[in-house]
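Secondary and tertiary structure notes
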Amino acid sequence: MREEEFFRKERERLVRQLEEEGILKDPHVKRALLKVPREEFVLPEYRRYAYVDRPLPILAGQTISAPHMCCIMCQALELKPGHKVLEVGTGSGYHAALCAEIVAPENSEKKGHVYTIEIVPELVKFAMENLKRAGYLDRVTVVHGDGTKGLPEYAPYDRILVTAAGPDVPPPLIEQLKEGGKLVMPIGPPYGLQILVLVEKDKNGKCRYRNLGGCLFVSLRGEYGWK
Ligand code: SAH
């Protein structure tokens, strides 16, 4: 079997698995999971395991999130074509590519965009190379910096996702979220009990917090992260 064929079948298998588990429900997310080549976002030695539903080590002691977690977060955000998204914690660039596939699909008039910020310079380079190879650099902008301060240059955002666990939602992220916008973020201590939280900002700027359940992420650093 050609490698391309193998990975296509693997993507289909993973999607079936996530549907059977009752995790995958949103057709936009399903399309993105079937399209984005996760094998281009893992280290060469893990290529064969790209569609095992687990986080995998990348560089600098960080991890690419498990597909089911990317799925849960994208669905909670209710991403739609045309959205402007901010991701804090680029890592491999995979989750940013999934978001881009939903908010800015090819041949669509609705052109959304994903801005993603990463604190580790080595990972900024890694993600940019991966996104370029997979064909997403036109729809994803990678920035080096502390994402707990957000990215005011392109604010406000329709949707914000944080892919590392912090002590609380950083105030600049709440400020940079549009009214009617949604934010998803894991909250909790390093290696301790963490909870995935959904923040919905209403038309008057008031925020409602919802607990989406337990999770395990690497630690958020920076000004509003863990010291
Ligand atoms: N979304 C990524 C998951 C990466 S793990 C993926 O799909 O692969 C979380 C990432 O957050 C790590 O790369 C880590 O370096 C980064 N990170 C931690 N604190 C950060 C901060 N304050 N600003 C930006 N990135 C941060």
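Placed above this text is the structure.
To keep things clear, this report deals only with the structure shown in the data block. The numbering scheme is per chain: residues are counted from 1 as the chain's sequence reads. Since the coordinates come from a predicted model, pLDDT governs what is reported: local features require at least 70, and pairs of side-chain atoms require 80 or more to be given and counted, while whole-chain, interface and lining totals use all residues. Heavy atoms throughout the structure, all of them, feed into the side-chain values; hydrogens and water do not.

Checked against the element boundaries, V124 lands in helix 5 (residues 121-134). A 1.4 Å probe rolled over the protein chains alone gives each residue an accessible area, and that area as a share of the maximum for its type sets the label: buried under 20%, exposed over 50%, partly exposed in between. The exposure class assigned to V124 is buried, which follows from its relative accessible area of 10%. Placed 45 residues apart in sequence, V124 and L79 show a C-alpha to C-alpha distance of 24 Å. Contacts are assigned to residue pairs with any non-hydrogen atoms lying within 4.5 Å of each other. Once you skip the residues sitting within four places of it in the chain, V124 turns out to touch E118, V142, V143 and H144. Starting at the N terminus, helices and strands are each numbered in turn, a helix being any DSSP run of H or I of at least four residues and a strand any DSSP run of E of at least two.

What follows is about the pattern of salt bridges. In what follows, salt bridge is the name for a side-chain nitrogen of Lys or Arg lying within 4 Å of a carboxyl oxygen of Asp or Glu. Taken as a whole and judged by the stated rule, the model has 22 salt bridges. Among the ionic pairs, D158 bridges to K178, the shortest N-O distance being 3.0 Å. Of this pair, D158 sits in strand 6 (residues 157-162) while K178 sits in strand 7 (residues 177-187), placing them 20 residues apart in sequence. Residue K182 is joined to E200 by a salt bridge in which the shortest nitrogen-to-oxygen separation is 2.9 Å. With a gap of 18 residues between them, K182 in strand 7 and E200 in strand 8 (residues 194-201) connect regions that are remote in the sequence. When its relative accessible area of 11% is taken as the criterion, K182 is described as buried.

The element strand 3 (residues 84-88) is largely enclosed, with a buried count of 4 among its 5 residues. The sheet contact formed by strand 3 and strand 4 (residues 113-118) spans 5 bridges and is parallel. Paired with V85 across the bridge in strand 4 is V114. Between any two strands, at least two bridges found by DSSP are needed for them to pair. Here 4 bridges tie strand 3 to strand 6, and the two strands are oriented parallel to one another. Pairing of L86 across the sheet is with I160, part of strand 6.

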